[in-house]
Every structure is written in C-alpha cells, then in structure tokens.
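# A structural walkthrough
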Amino acid sequence: MFLNSELLKEPKASLIITYKNLGKYIKDCVSSILSQSYKNFEIIIVNDNSDEKNSKILSEFKDKKIKIINLDKNFGQLCAFLEGVKVAKGEFICMIDADDVLLTNYLETLIKIHLENNVALISASCGEINENNEITSLNYIGNHFKDVYDTLKIEKVKAAFGVWSWNPSTSGCFRKEALEILNYFPDKNYWMTGADKVIFSLLDLIGGSINVSEVCYMYRKHGQNHSTNSKTIGNKKIHNENYTKTLIEWNKKLKIDTIKMFIKNKNELIQKYNKINYIKMFLYLIFYIDKNLCAKAISALAHKLIK
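Read on for a plain summary of the structure.

The rules behind each value
By convention here, each chain's residues receive numbers from 1 onward along its written sequence. Owing to the predicted nature of the model, reporting of local features is limited to residues with pLDDT of at least 70; listing and counting of side-chain atom pairs is limited to 80 or more, with chain, interface and lining totals taken over all residues. With hydrogens and water stripped out, all remaining heavy atoms of the structure feed into the side-chain values. Numbering goes from the N terminus for both helices and strands, where a helix is a DSSP run of H or I of at least four residues and a strand is a run of E of at least two. Here a polar contact is taken to be a pair of N or O atoms separated by no more than 3.5 Å, where protein atoms must pair a possible hydrogen donor with a possible acceptor and residues adjacent in sequence count only if both atoms sit in side chains. Any pair of residues with heavy atoms lying within 4.5 Å of one another is described as a contacting pair. Axes here mean lines fitted to C-alpha atoms, for a helix over just the part in contact, with angles spanning 0 to 180 degrees between N-to-C directions. Angle categories are assigned with fixed cut-offs, so that under 35 degrees is roughly parallel, over 145 is roughly antiparallel, 65 to 115 is roughly perpendicular, and the rest are oblique. We call Asp, Glu, Lys and Arg charged. Ala, Val, Leu, Ile, Met, Phe, Trp, Tyr, Cys and Pro are nonpolar, and the rest, Gly among them, are polar. Between buried and exposed lies partly exposed: a residue is buried under 20% and exposed over 50% of the maximum accessible area for its type, with that area taken using a 1.4 Å probe on protein chains only. For two strands to be treated as a pair, DSSP must find no fewer than two bridges joining them. A right-handed crossover is one whose linking path, passing over the helix from the first strand to the second, runs clockwise when the strands point away from the viewer. One fewer than the residue count of a helix, multiplied by 1.5 Å, yields its expected span. One speaks of a salt bridge when a side-chain nitrogen belonging to Lys or Arg is within 4 Å of a carboxyl oxygen belonging to Asp or Glu. Pairs were defined over the aromatic rings of Phe, Tyr and Trp, the Trp ring being its six-membered one, requiring ring centres within 6.5 Å. Orientation was assigned from the angle between planes: stacked under 30 degrees, edge-to-face over 60, tilted for the rest. Cation placement over rings: the criterion is NZ of Lys or CZ of Arg within 6 Å of the ring centroid and within 35° of the ring normal. Take the buried Ala, Val, Leu, Ile, Met, Phe, Trp, Tyr and Cys residues and link them wherever side-chain atoms come within 4.5 Å; each set so joined is a nonpolar core.

With that settled, consider the side chain of Asn 105. Along the chain, Asn 105 turns up in the loop between β5 (101-102) and α4 (106-116). There is a polar contact of 3.5 Å between the side chain of Asn 105 and the backbone oxygen of Val 215. Leaving out residues up to four positions away in the same chain, Asn 105 has contacts with Gln 36, Ser 37, Glu 214, Val 215 and Cys 216.

Pasting the structure below:
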C-alpha cells in the first residue's frame, strides 16, 4: 500500500466495537469493516452485558478476524473499550460505535495520515445516515472543524483542553502506545457514556491530533443518540437543557480528574514523558493556554525549573 517492498509490513489496526443492544445495526457495522481496502486489521467486539437476544446475534460472526469479549456486567463505554485494548494486537486502535458504518477508505486514509504525521490521534470526517442506511447528509451537523486545508485535507487541532474539536467516537484512530495514559486516569467507571471526550482530550494533550476533511464513515442518527437528537437550525445545534448540563459537568470532571492524575502520578508521568513535557502539559492543562503560545513561554520556564 505505502512502499513497494516484500520486506516491509503494513501496521496492524485493531477496531474495537463496544456493543450493547444494537443488534439492528451491528451487522452493517461489521460488514463495513470487513470490506475495508486496508486488510491488516482485527475486530474486537466487547459485548457490554447485552440482553440475551442481542448477545445471540454476536454468535453469527464467524470470521477469523473477529474476537468477541462478553462482559458479565455493564462496564460502560470507557471501561468496555479498555477491556478491548487489553487484548488488541494492533499498533493503531480505532473506537467504533456499533451503529455506525465505515466507508472502504476509512483505515487506509487514517493509517496513511498517521504514518505521515507523528500525532497521537487522527479524527475522520463523517456524513450522516438514518435507520434505513439512507444518506441524510455528507456534512455532519455536529462538525466543529470547518477550516481545513484544502490541499492537504488535514487540520492540526489547536483547542483548549476539554473543548470538543473532533467528530464522534468512530472518527478516532489512536496510536496504541498513546492510550497508555488512560492507565493513570481516575474514576473510569463514571464514563458510562462520553468516553470519546476523555480519550480524545487526553491523547491530544500528550501527543497532538489531526482532523481529516475526507469523509471516511457515516454516523447513524436513529433517535437514541446521546448528542445529536436535538433540533438544528443551519449549522447550529440546539441542545436540550439536560444535555447542556451534562456537557458542563463532563467538562468540569474531565479537567479536575486530569489534574488529579498529573499530581498523583507525577513521578511516573515524568519518567514516561520527561520532565519538560510534563511541565508543559500540566501548565497547559491548568491555564488552558493555546499550545502554540505555550510552546515558547512554557519551554523557557521548564528549562529553568529543571536546572
């Protein structure tokens, strides 16, 4: 795919589907993964304690690329995803929602950009489909990154910590090594939903991220989505009051828990990322400083502090 040599191997990707009672859609999701133009991948389905009827649906998947993990209780989105990461063999990890559908270019596009750019997270653009696989939009209404470079079709993210700057869960392709930061994160059980907010924010903090303008998957709207059921006017989203409160609480908790993580695990994080990077990330986290402005001022301060 990338280089013409029989001696070179394409990196493996692990696509982790966290699944709970979405039997109506998961077959389409798995089928779209098996149809990828990029072939070096595995599928890990984490059955997050689905009911008996939905659990039986998973027994129909016989492809050797598919591994199924059945959880004996409801772990929630973040913890269920991490159960999949534990057994993943890929160098790159994708977080797939069971009701979404991947286009054939999904893996090929994201892994190629990963190999051309040293970042922790790549986020793909998406269109929208309904319950019947009918395309309703080729421009996701929740898309917050509009100003992309038309030539390169990518945009490096410059968001304050915790500010959502990417597309939903399935958009994310992560370096597995970067996901190790989640081992230090406290209160993972809280994130029954909204796990992508934690993962994307932490990975962007430690390794940066890139948004891709090319549509690589379809986000399904079916009336039970957590974030996009509210009415829209143009490109502006109107959240109901309860969901707005949830977002505010998520923002507060994510920042507080991440600060706690940096303080409690100071020595381990310094050893892992080095002292200069630790100070840069911690100050950026505390003050919400833009990374580009942060680089000059904090770098100078960091060098003084470690002498």
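Attention now moves to the packing of helix α3 (residues 77-87) against helix α5 (residues 195-207). Remark: α3 packs on α5, axes separated minimally by 8 Å, with the N-to-C direction vectors making an angle of 60 degrees. As the angle between them shows, α3 and α5 are arranged oblique. Across the interface between the two elements, Gln 77, Leu 78 and Phe 81 of α3 pack against Ala 195, Asp 196, Val 198 and Ile 199 of α5. Counted by class, the contact of α3 with α5 contains five nonpolar, one polar and one charged residues.

Another point: α3. Among the 11 residues in α3, eight count as buried, and that is most of the element. Of all the positions in α3, only Gln 77, Leu 78, Cys 79, Ala 80, Phe 81, Leu 82, Gly 84 and Val 85 are classed as buried.

Okay, unusual backbone geometry next. Positive phi values are uncommon outside glycine, yet Asn 49 reaches one of about 60 degrees. Locating Asn 49 in the fold gives a position in the loop between β2 (41-47) and α2 (52-58). Of the residues examined, Asn 49 reaches a relative accessible area of 31% and is grouped as partly exposed. Even without glycine at this site, Asn 274 takes up a positive phi of about 75 degrees. Examined against the element boundaries, Asn 274 turns out to sit in the loop between α7 (266-273) and α8 (275-287).

Glancing now at the pairing of strand β3 (residues 66-70). In the case of a regular strand, side chains alternate between the two sheet surfaces. Pairing of β2 with β3, which is carried by five bridges, proceeds in the parallel orientation. Pairing of Ile 45 across the sheet is with Ile 68, part of β3. The parallel pair β2 and β3, bridged by α2, forms a crossover whose chirality is right-handed.

In this section: α5. The terminal C-alpha atoms of α5, which comprises 13 residues, lie 18 Å apart, in line with the 18 Å expected from a rise of 1.5 Å per residue. Along α5, 11 of the 13 residues are buried, which leaves the element largely enclosed by surrounding structure. Of the residues making up α5, those classed as buried are Ala 195, Asp 196, Lys 197, Val 198, Ile 199, Phe 200, Ser 201, Leu 202, Leu 203, Asp 204 and Leu 205.

To continue, consider the pattern of salt bridges. Within this structure, the stated rule accounts for eight salt bridges. Across the pair Glu 60 and Lys 27 runs a salt bridge whose closest N-O atoms are separated by 3.1 Å. Taken together, the residues span a long stretch of sequence, with Glu 60 in the loop between α2 and β3 and Lys 27 in helix α1 (residues 23-34) at a distance of 33 residues. Under the relative-accessibility criterion, Glu 60 is labelled partly exposed at 48%. In the salt-bridge network here, residues are joined through shared partners; they are Asp 187, Lys 253 and Asp 257.

This part is about the packing of aromatic side chains. Throughout the structure, instances matching the rule amount to 11 aromatic pairs. With a centroid separation of 5.8 Å and an interplanar angle of 75 degrees, the aromatic rings of Trp 166 and Phe 200 are classed as edge-to-face. Taken together, the residues Trp 166 in the loop between β8 (154-156) and β9 (172-175) and Phe 200 in helix α5 connect sequence positions 34 residues apart. Both residues of the pair, Trp 166 and Phe 200, belong to the buried class. For the ring pair Tyr 190 and Trp 191, a centre distance of 5.1 Å and an interplane angle of 80 degrees mean the geometry is edge-to-face. Residue class for Trp 191 comes out buried when judged on its relative accessible area of 1%. Every member of this aromatic cluster is reached through a ring pair, and the members are Phe 81, Trp 164, Trp 166, Phe 174 and Phe 200. The residue whose ring lies beneath Lys 73 is Phe 75, and the NZ or CZ to ring-centre distance is 5.8 Å.

With that out of the way, let us pick up the nonpolar core. Among the nonpolar cores identified, the biggest contains 45 residues, and Phe 81, Phe 174, Leu 179, Ile 199 and Leu 203 are the most heavily contacted of them. Elements with a minimum of two residues in this core: β2, α3, β4 (92-97), α5, α6 (241-264), α7 and α8. It is α5 that contributes the most residues to this core, seven residues altogether. In contact with Ile 199, not counting residues within four places along its chain, are Leu 78, Phe 81, Met 95, Phe 174, Leu 179 and Leu 182. Within the second largest apolar cluster, 38 residues are counted, among which are Ile 45, Leu 102, Tyr 106 and Ala 124.

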